Amino acid sequence: MTGEQGMTGDQGTTAGQGTGTGGEGAPGTAAGRRVRVVLVDDHRMFRAGVQAEIGETARTGVEVVGEAADVDQAVTVITATRPEVVLLDVHLPGGGGVEVLRRCAPLMTSADQPVRFLALSVSDAAEDVIGVIRGGARGYVTKTITGTDLVASIFRVQEGDAVFSPRLAGFVLDAFASTDAPPVDEDLDRLTQREREVLRLIARGYAYKEIAKQLFISVKTVESHVSAVLRKLQLSNRHELTRWATARRLV
C-alpha cells in the first residue's frame, strides 16, 4: 500500500501510551492469541491492502472473517459473523460509520461476546472522531498507521482498551470534558461527507490528482465535488475555500 492511504507511519496509542510493538512478529501471536475481524470500507483496493497487511493469521493472529462496502452490507456481515473487532471506515454509503454503530448497538453490549469497533479512516477531523466515539467505537486510528501497529491496536480493542492515533486522543478528551454540545455549523451541514473530505484536502493544498488518488475517485469527480462545495458555500475559488476551512479549524 502506498501514498496517503497506505499504512505507513501513524501509531495507535492506548490510554496515552504507544503501541509498543517491538520485536519479531505481531503482538499476541507468541501467546497464540487470535482475533476475528471484519473490514468495513467502501474502497475495495484499500480493503485488499489491509487484508494483505494483517490477514496472514499464522503470523499476525488476525483472522479476517468478512468484508463490507456500505452500511447495509456491514450490518449483515457483522451480525452473521459476530467478529470480536470491526475495522470501520467513517464515511460509508448508506449513512456512514455512525449508522453502522447505531444499528449494531445490541452486539456491542452482548454479555457473551461483545463486538468492538475500531475506526480506521483517512479523516482526522475532530467531528468524525467524536461522532464515532459517541456512537460506541473503542478507538480511532488513521490510515497512515503501520500494519504492525494496526494489529496491536486490534488486539488492544479486543481486550477492551481505548486506542487512538496520538493527536486524535485530544479531540476526545476535549469533547467529553465539556458538557456543552458543539455548535451547529449550518454551512458545513450543507456538505455531504465526501464533499467535506475533498474540502479538507483542497484546503491543505492537495492537487486534484492527489485527491483523486487518495480517495479512489476520478479527477472529474474531484472537480465536481469542488464545484459543489464552492456553490453551496457561495465561494469563488480554492483560495477563499482554504480561508473558510482554516477559519473553522477544519484543516
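Residues numbered from 1 in each chain as written. Predicted model: local features only at pLDDT ≥ 70, side-chain atom pairs only at ≥ 80, totals over all residues. Heavy atoms only, no water.

Some thoughts on the confidence of the model for the protein chain
1) Next: Per-residue pLDDT for the protein chain has a mean of 82; in total, 80% of the residues score no lower than 70.
2) Next: A low-confidence stretch, residues 1-6 (pLDDT under 50), is modelled with 20 contacts involving residues beyond four sequence positions or located in other chains. (pLDDT = per-residue confidence, 0-100. Contact = heavy atoms within 4.5 Å.)

With respect to the packing of helix 11 (residues 208-215) against helix 12 (residues 219-233)
1) Next: Running from N to C, helix 11 and helix 12 cross one another at 105°; their axes reach a closest spacing of 8 Å. Classified by the interaxial angle, the pair formed by helix 11 and helix 12 is roughly perpendicular. Here Tyr-208, Lys-209, Ile-211 and Ala-212 of helix 11 lie close against helix 12, whose contacting residues are Val-219, Val-222, Glu-223 and Val-226.
2) Next: A breakdown of the residues in the contact of helix 11 with helix 12 according to their chemical character gives 6 nonpolar, no polar and 2 charged. (Axes fitted to C-alpha atoms, helices over the stretch in contact; angles between N-to-C directions. Helix = DSSP H or I, 4+ residues; strand = E, 2+ residues; numbered from the N terminus. Parallel < 35°, antiparallel > 145°, perpendicular 65-115°, else oblique. Nonpolar A, V, L, I, M, F, W, Y, C, P; charged D, E, K, R; others polar.)

With respect to the side chain of Asp-149
1) Next: Residue position: Asp-149 is located in helix 7 (residues 147-158).
2) Next: No salt bridge is formed by the buried Asp-149. Its closest oppositely charged neighbour is Arg-156, at 8.3 Å.
3) Next: Among the polar contacts listed, one links the side chain of Asp-149 to the side chain of Thr-146, at a separation of 3.0 Å. (Buried < 20%, exposed > 50% of the residue type's maximum accessible area, 1.4 Å probe, protein only. Lys, Arg positive; Asp, Glu negative; His and termini not counted. Salt bridge = Lys/Arg side-chain N within 4 Å of Asp/Glu carboxyl O. Polar contact = N/O pair within 3.5 Å; in protein donor to acceptor, adjacent residues only side chain to side chain.)

Comments concerning the nonpolar core
1) Next: Ranked by size, the top nonpolar core spans 27 residues in total, and within it Val-40, Ile-78, Val-100 and Phe-117 carry the most contacts.
2) Next: Those elements giving two or more residues to this core turn out to be strand 3 (35-40), helix 3 (71-81), strand 5 (85-88), helix 4 (96-103), helix 5 (105-108), strand 6 (116-121) and helix 6 (126-135).
3) Next: A total of 5 residues in this core trace back to one element, the largest contributor, which is helix 3.
4) Next: In this structure, Ile-78 is in contact with Val-38, Val-40, Pro-83, Val-86, Val-100, Cys-104, Leu-107, Val-115 and Phe-117, ignoring residues within four places of it in sequence. (Core = buried A, V, L, I, M, F, W, Y, C linked by side-chain atoms within 4.5 Å.)

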